[in-house]
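# Report on the structure
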Amino acid sequence: MTTTETELKALMLASQGGDAASHRMLLDRLSRHLRAYYKGKLASFGKGATEAEDLVQEAVLAIHVHRHSYDPAEPLTPWVYAIARYKLIDFLRRSKTSRADVPLDEVNDIIAHDDHFAAENSYDVRRLIAKLPKKMQCAIGAVKLDGLSVAEAAQRCRLSEPAVKVSIHRGLKALADLIAKEVKA
Amino acid sequence: MNTDELVAALSRHVEPVDRGVIRRTIGLALAAAIVVSLGLMGLWLGVRADFMTAHAAAFLVAKIAFAIAIVGIASIYLFRLARPGGESRTVSLWVMAPFAAAILLAIASLGVAPHSHWNKMILDDEWLECLLSIPIIAIVPFAVLVWAVRKAAPTDLVRTGAFTGLVAGGVSAAAYALHCTGDSVPFVAVWYGGTIVLCTVAGALSGPRLLRW
């Protein structure tokens, strides 16, 4: 087992427990691994850093939304790799670049490299959030963008606290779908 | 919004996640699938008339054991396949065991029977009803299971779809067994086995569309 795996897994367990700092560090580190992975993969399809960055954001969002699906009894790397590859295949199919024939790599390749040279990506998440239904928009805006607590967001959006949490969760899922529609280049 | 900003936004007020939710959701869907299948069988077809006789009970137990073995093994795999990356550590060959056992028993029982009986043993009177009933009863269980499995974000949609279909077909076959009076082993191997495989293929074909997230 690599040290990267051990460290990332520890961050994921803390993140699943609700630790925001660990969650941030986890997404930050994973985004660098994902960037290296997608740049490498997309090069062979004639796509550049912008598309890679699009995919990094898609994968980061997917990892965030689906973090409950990670089973702590298993290593983290294959879980991350599976999501990364799934999003890549989905992207290639949407953009009709190829028959989406992505060969299986060694699972550990996903954490073998990192790349912190973030490029601009092609869509703006803020603009897409503005397309969400009002409740979701307000809840995400208050908590995720403005940094309010759930209680404060509940007041601002005139929702109950559980409704704020549900709106954020559903809103981020809906956001992922909007991004998928947006990225067809 | 660049990636750093996205990461920062997602990391504000992180809620603890419920790690058991996937297991519970799929487990609940499986229970619902069983109840729905039994209900459909009971209302639509009815339990076989000689249900309480010893003769019927023996065959009934054997048929249900066959279906439950399939459901049991297939659902263990389904629980794994449903999560991202589950496919990488799942070698699903064990699921063949109940089918192989049924086929071997069928061949053995045909071997000891005179040729003139073969037709009756394989087709019985109910083959068409069996062929239609198991897939039809499986539809709602399949839909319920798809709904649950989607929540787990599977990444191998063909295989996860296949196992969803397999579990649905197995549950449906177990329920149908309570009605069906086709009791010969070759009949069960061909028509139960065959229709369950049919459900599996349907699941594999529809998986990429139905399970996408």
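A quick note: this is a predicted structure, and the numbers were derived from the prediction, not measured.

The rules behind the values
- Residues numbered from 1 in each chain as written.
- Chains lettered and ligands numbered in written order.
- Predicted model: local features only at pLDDT ≥ 70, side-chain atom pairs only at ≥ 80, totals over all residues.
- Helix = DSSP H or I, 4+ residues; strand = E, 2+ residues; numbered from the N terminus.
- Buried ≥ 20, exposed ≤ 12 C-beta atoms within 10 Å, placed from the backbone.
- Contact = placed C-beta atoms within 7 Å.
- Domains from an automatic or database assignment.
- Axes fitted to C-alpha atoms, helices over the stretch in contact; angles between N-to-C directions.
- Parallel < 35°, antiparallel > 145°, perpendicular 65-115°, else oblique.
- Left-handed = near helix turned anticlockwise from the far one by under 90°.
- Nonpolar A, V, L, I, M, F, W, Y, C, P; charged D, E, K, R; others polar.
- pLDDT = per-residue confidence, 0-100.
- Expected span 1.5 Å × (residues − 1).
- Arc of directions from axis to C-beta.
- Core = buried A, V, L, I, M, F, W, Y, C linked by C-beta atoms within 7 Å.

The number of helices and strands found in chain B is eight helices and zero strands. Taken from the N to the C terminus, the helices and strands of chain B come in the order α-α-α-α-α-α-α-α. With respect to the three principal axes, the spread of C-alpha positions in chain B is 75 × 35 × 25 Å. A total of 213 residues make up chain B; the buried ones form 47% of that total. A sequence separation of at least 24 residues applies to 88% of the contacts in chain B between residues at least 6 apart.

Now for the domain arrangement of chain A. Residues and elements named next belong to chain A. Entries for chain A in the domain assignment read domain 1 (1-122) and domain 2 (124-185). Of note, the centres of domain 1 and domain 2, computed from C-alpha atoms alone, are 23 Å apart. On the domain 2 side, the residues contacting the 13 residues of domain 1 number 10 residues. Contributing elements (two or more residues each) for the side of domain 1 that touches domain 2: α3 (49-65) and α4 (76-94). In terms of residue count, the dominant contributor to the side of domain 1 that touches domain 2 is α3 (eight residues).

Before going further, it helps to examine the packing of helix α2 (residues 21-45) of chain B against helix α7 (residues 157-177) of chain B. All names here are of chain B. Axis separation between α2 and α7 bottoms out at 9 Å; the angle between their running directions is 40 degrees. Between α2 and α7, the angle falls in the class oblique. Helix-helix and strand crossings are classified by hand; for α2 and α7 the assignment is right-handed. Contacts between α2 and α7 involve Leu-30, Ala-33, Ile-34, Ser-37, Leu-38 and Met-41 from the first element and Val-167, Ala-168, Val-171, Ser-172, Ala-175 and Tyr-176 from the second. The class makeup of the residues in the contact of α2 with α7 is 10 nonpolar, two polar and no charged.

Attention shifts here to the packing of helix α7 (residues 134-145) of chain A against helix α9 (residues 161-182) of chain A. All names here are of chain A. At a minimum axis distance of 8 Å, the contact between α7 and α9 shows a crossing angle of 100 degrees. Looking at the two axes, α7 sits roughly perpendicular to α9. Only Val-164, Ser-167, Ile-168, Arg-170, Gly-171 and Ala-174 of α9 make contact with α7, whose side of the interface consists of Lys-135, Met-136, Ala-139, Ile-140, Val-143 and Lys-144. A class-by-class count of the residues in the contact of α7 with α9 yields seven nonpolar, two polar and three charged.

The topology assignment puts Val80(A) in helix α4. Discounting chain neighbours no more than four positions away, the residues touching Val80(A) are Leu30(A), Ile63(A) and Ile110(A).

Moving on: the confidence of the model for chain B. Residue and element names in this part refer to chain B. Overall, the predicted model of chain B reaches an average pLDDT of 91, with 100% of residues at or above 70. Confidence, expressed as mean pLDDT per element, reaches its minimum in chain B at helix α5 (residues 115-123) with 83 and its maximum at α7 with 96. Scoring of the predicted complex yields 0.91 for pTM and 0.90 for ipTM.

Bringing the interface of chain B and chain A into the picture now. Bring the parts together and some accessible area is lost; that lost area is often taken as the interface size. Tallying the contact residues gives 27 residues for chain B and 40 residues for chain A. When contributions to the side of chain B that touches chain A are tallied by element, the ones reaching two or more residues are α1 (3-10) and α2 of chain B. The element best represented in the side of chain B that touches chain A is α1(B), accounting for seven residues.

Bringing α3(A) into the picture now. Look at α3(A): 24 Å from first C-alpha to last across 17 residues, which is about the 24 Å you get at 1.5 Å a residue. The element α3(A) is largely enclosed, with a buried count of 14 among its 17 residues.

Next up on the list: unusual backbone geometry. Residues and elements named next belong to chain B. Positioned with a positive phi, His-13 is a non-glycine residue whose angle comes to about 50 degrees. Relative to the elements of secondary structure, His-13 occurs in the loop between α1 and α2. By the C-beta count within 10 Å, which is 18 here, His-13 ends up partly exposed. Phi angles above zero are rare outside glycine, and Ala-153 is one such case at about 60 degrees. In this structure, Ala-153 sits in the loop between α6 (127-150) and α7. Of the residues examined, Ala-153 has 26 C-beta atoms within 10 Å and is grouped as buried.

The next subject is helix α8 (residues 150-157) of chain A. Residues and elements named next belong to chain A. Within the sequence span of α8, burial applies to Ala-153, Ala-154 and Cys-157. Buried residues of α8, seen end-on, are gathered within an arc of 105 degrees and therefore sit on one face of the element. Remark: Arg-158 follows α8 within two positions and exhibits a positive phi of approximately 55 degrees.

Ranked by size, the top nonpolar core spans 59 residues in total, and within it Ile26(B), Ala74(B), Leu78(B), Leu145(B), Val167(B) and Tyr176(B) carry the most contacts. Those elements that provide at least two residues to this core are α2, α3 (54-81), α4 (96-112), α6, α7 and α8 (185-210) of chain B. By size, the runner-up hydrophobic cluster in this structure holds 53 residues, among which are Met12(A), Leu30(A), Leu34(A) and Val56(A).

Residue and element names in this part refer to chain B. When you line up the elements, Ala-106 lands in helix α4. Given 20 C-beta atoms within 10 Å, Ala-106 falls into the buried group. Distance in space between the C-alpha atoms of Ala-106 and Phe-187 is 8.0 Å, their sequence separation being 81 residues. Look past the residues within four positions of Ala-106 in its chain and what remains in contact with it is Val-185, Pro-186 and Ala-189.

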